[in-house]
Amino acid sequence: MLLPRAVGPALSVAGLARRRTPTRRLHTALAILLVAAAIVALPPLAPAADWQRTFGVTFVALLLAALPYVLLGSLLSGVIAVLLPDAFLARWSRRLGPFAVPGTVLLAPLFPVCECGSVSVARALMRKGLPPAQAVAYLLAAPLVNPTVALATATALGADMAVARCIGGAVIATGVGLATLLIAPARWLRPVGADACADDHDHGDDHGHAHAAPSWRQRGRQLIDHVADDFAEMSLFLLVGVALAAAIKASALGDGFADASAGELSGPPTLMATAFIMSLCAEADAFVAASFTAASPAAILAFLIFGPMVDLKLLLMYRLAFRSWYVAALALVIALATLALVPLLTRWLA
Amino acid sequence: MKRALPFALWAAFVGIVLLRDEARLYVADSFDWKLIASVAVLAVLALIAVLRARGAAPAARWPELLAHATPILVLVVAAGGLPPPPPMAASFGSTPRGATHTPRPFTGMPGKRVPVIVDGHRRVGVAELAWFDRDKLGDAVEVTGIYRSRGPAVTDSELGAMPAHLLVRHVVTCCAADAQAVTIVLDLAGRTPPPDGAWLRVRGRIATPAAVESWEVCQVRVDELTAIDAPVDPYDWMAPSY
């Protein structure tokens with residue numbers, strides 16, 4: 001099997017896990033702090049207080065809501081890693097030329113996962129040779145240009161809002177993808193692992209030699225290894241992100257957004273901040289948005305577009321694939337683009 | 001064995017929630033099959049990790065395993081058996097008066113419970129009443145929630161009349177993380193107010209909406225007031241099964 005050499009020094013899945021990237025070590029340390037904090041601050045060592053209840057319930061609820069999708073993302077990324085022909089994505093991208101990024105956005109529904117699973121899938125697509133800028137476009141578009149999410153949004157808020165959300169997501173994903181083309185991948189991308197070889201050996205040397213096609217039994221083993229390793233890593237990031245989101249919700253910072261959401265000018269940024277903190281699933285957030293009856297359509301749309309692309313838990317999961325400065329820039333650019341785009345889309349809605 | 005532990009810990013976390021029949025306290029009904037499928041996949045991954053002598057993925061180190069154990073720790077120690085988050089900023093989810101845009105009707109409710117008629121009263125959730133339809137004025141309803149007293153009724157030139165008696169319920173659309181305290185106003189019709197924070201079953205009729213600040217809030221004129229124990233499911237659910 002000839003390995004793709006899309007970006008930087010390639011590492012095998014096994015190699016990636018064995019080397020314990022600095023990001024993974026950081027999140028392990030954060031998770032240990034979380035355990036220590038939970039033991040010290042929660043009952044029975046400390047009496048149950050209101051914030052502890054809010055933290056506990058929010059933490060468990062967010063994990064239960066996200067876990068099936070993280071697992072689905074890991075399964076899908078395993079299937080891509082094992083079954084998708086190596087050269088297919090690179091060849092397809094070359095053929096599309098300048099339309100590759102918008103093409104990726106339009107084809108995002110082919111891998112319809114919401115944001116918790118899309119990070120795994122995007123990493124798997126990069127390992128299979130999808131150019132990184134297109135992978136970013138997919139990552140941002142997948143939760144929004146998504147039939148399940150569109151159906152849920154249409155049910156809760158009407159077909160117009162669903163279409164506006166889809167268009168908004170597609171425009172921002174395309175714009176960010178195109179802008180990312182201008183930056184050398186080595187500057188913003190963490191090393192991406194290539195797929196594990198059929199004989200399970202480590203490709204940390206990036207030797208790119210050819211192998212005979214693996215048998216189905218070997219493919220099955222690869223699939224399980226890939227899914228297991230991906231889930232073990234993603235769940236760690238999810239854990240820390242969810243803990244942060246629950247801690248902020250349990251603190252005073254999580255209150256007081258309701259009044260500001262009603263303002264014409266303050267509404268969109270307020271609900272974007274709410275979406276960032278709540279870290280809700282894209283398949284469900286439309287129903288939450290529908291309960292903000294005082295908020296303007298622009299604020300609701302900002303909540304729906306921004307949340308699935310940037311929230312607390314996602315930022316931590318993005319750091320698994322991207323360098324920190326790029327994650328920060330991504331959040332800022334998406335926030336500004338959402339604020340700029342929402343008035344136009346709202347005018348169309350009216 | 002150590003290789004299997006992360007998956008076993010996550011499977012145990014979801015398994016405990018399902019075995020204690022607590023999933024519906026945290027997530028909507030539509031998540032039931034997703035959680036069962038997740039446990040099955042995680043259990044298979046754990047089993048395979050145990051059976052296989054070697055694999056590409058190395059065993060997790062102990063600090064990482066400790067991190068994977070956090071959900072169970074929080075579930076068993078903190079969240080399990082605790083009541084829902086306390087009413088913080090109780091929102092009067094209703095029609096804002098003087099808003100610069102047209103309020104949207106809420107269409108995504110109710111999905112969790114099918115309304116039933118008890119002694120001539122339609123059993124409804126606080127959420128359904130909060131976004132009530134004016135055609136329903138005079139309807140006999142039964143609703144359950146937490147009583148909150150706002151003290152004696154006062155009138156403020158800017159804020160308008162402040163109602164004294166409220167019924168609050170946490171309303172969930174998808175998972176308990178999005179729980180919001182939603183409030184309706186009670187007209188006790190001269191009855192003695194119950195203790196603050198008590199769970200009540202209220203039977204009465206939908207009355208003219210009360211004016212609260214810039215909002216019109218659903219008001220129920222009470223016919224019968226019964227103190228009850230906190231229900232097993234403390235939340236009111238709005239989201240349909242999507």
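Residues and elements named next belong to chain A. Along the chain, S279 falls in the loop between α13 (267-278) and α14 (285-290). Engagement of the side chain of S279 in a polar contact is seen with the backbone oxygen of F276, the distance being 3.3 Å. The residues contacting S279, other than those within four sequence positions of it, are L62, A245, D311, L312 and K313.

Before going further, it helps to examine unusual backbone geometry. All names here are of chain B. Within the chain, D21 stands out as a residue other than glycine whose phi angle is a positive 55 degrees. Tracing the backbone shows D21 in the loop between α1 (5-19) and α2 (23-26). For A189, which is not glycine, the phi dihedral falls at a positive 55 degrees.

Here we come to the environment of L236 of chain A. With respect to the helices and strands, the residue L236 of chain A is situated in helix α11 (residues 216-250). Given the relative accessible area of 0%, L236 of chain A is considered buried.

This brings us to the packing of helix α6 (residues 115-127) of chain A against α11 of chain A. Residues and elements named next belong to chain A. Put simply, α6 and α11 touch, their axes get as near as 11 Å, and they point 130 degrees apart. Taken together, the axes of α6 and α11 are oblique relative to one another. Two packed elements cross with a definite hand, and for α6 against α11 that hand is right-handed. Residues C116, V119, S120, R123 and R127 of α6 form the contact with α11, whose participating residues are H226, D230, E233 and M234. Looking at the contact of α6 with α11 residue by residue, the class counts come to three nonpolar, two polar and four charged.

What follows covers the packing of aromatic side chains. Counted according to the given criterion, the structure contains nine aromatic pairs over all chains. Between W10 of chain B and F13 of chain B, the ring centres sit 6.1 Å apart and the planes meet at 90 degrees, which makes this aromatic pair edge-to-face. Residue W10 of chain B and its partner F13 of chain B are located together in helix α1, separated by three residues, close to a single helical turn. With respect to class, W10 of chain B is no different from F13 of chain B; both count as buried. A connected cluster of aromatic rings, assembled from ring pairs, spans W188, Y318, F322, W325 and Y326 of chain A.

A few words on the environment of A4 of chain B. Mapping A4 of chain B onto the fold places it in the segment before α1. With residues near it in sequence (within four places) discarded, A4 of chain B still touches A46, A49 and V50 of chain B.

On to a nonpolar patch on the surface. Residues and elements named next belong to chain A. A cluster of nonpolar side chains, V163, I167, V171 and W348, forms an exposed patch at the surface whose accessible area comes to about 360 Å². Sorting elements by how many residues they give to the nonpolar patch places helix α9 (residues 159-180) first, with three residues. Inspection of the secondary structure puts V171 in helix α9. When its relative accessible area of 44% is taken as the criterion, V171 is described as partly exposed.

As a further point, take the pattern of salt bridges. Residue and element names in this part refer to chain B. Here the structure, examined in full by the defined rule, presents ten salt bridges over all chains. Of the charged contacts in the structure, one is a salt bridge between R221 and D187, with a shortest N-O distance of 2.9 Å. On the criterion of sequence distance, the pair formed by R221 in strand β10 (residues 215-227) and D187 in strand β8 (residues 180-187) is long-range, its members being 34 residues apart. R221 gets classed as partly exposed once you look at its relative accessible area, which sits at 44%. Assessed through its relative accessible area of 23%, D187 is described here as partly exposed. In this structure, E224 and R203 form a salt bridge, with 3.8 Å as the shortest nitrogen-oxygen distance. A residue pair is termed long-range when its members are at least 10 positions apart, and E224 in strand β10 and R203 in strand β9 (residues 199-212) qualify at 21 residues. Here the residues in one salt-bridge network are D119, R123, E142, R203 and E224, joined through shared partners.

Parameters at a glance
- Residues numbered from 1 in each chain as written.
- Chains lettered and ligands numbered in written order.
- Predicted model: local features only at pLDDT ≥ 70, side-chain atom pairs only at ≥ 80, totals over all residues.
- Heavy atoms only, no water.
- Helix = DSSP H or I, 4+ residues; strand = E, 2+ residues; numbered from the N terminus.
- Polar contact = N/O pair within 3.5 Å; in protein donor to acceptor, adjacent residues only side chain to side chain.
- Contact = heavy atoms within 4.5 Å.
- Buried < 20%, exposed > 50% of the residue type's maximum accessible area, 1.4 Å probe, protein only.
- Axes fitted to C-alpha atoms, helices over the stretch in contact; angles between N-to-C directions.
- Parallel < 35°, antiparallel > 145°, perpendicular 65-115°, else oblique.
- Left-handed = near helix turned anticlockwise from the far one by under 90°.
- Nonpolar A, V, L, I, M, F, W, Y, C, P; charged D, E, K, R; others polar.
- Phe/Tyr/Trp six-rings, centres within 6.5 Å; stacked < 30°, edge-to-face > 60°.
- Patch = residues over 30% accessible without salt bridge, like charges linked within 9 Å, V, L, I, M, F, W, Y side chains within 5 Å.
- Areas by Shrake-Rupley, 256 points an atom, 1.4 Å probe, with all protein chains shown as cover.
- Salt bridge = Lys/Arg side-chain N within 4 Å of Asp/Glu carboxyl O.

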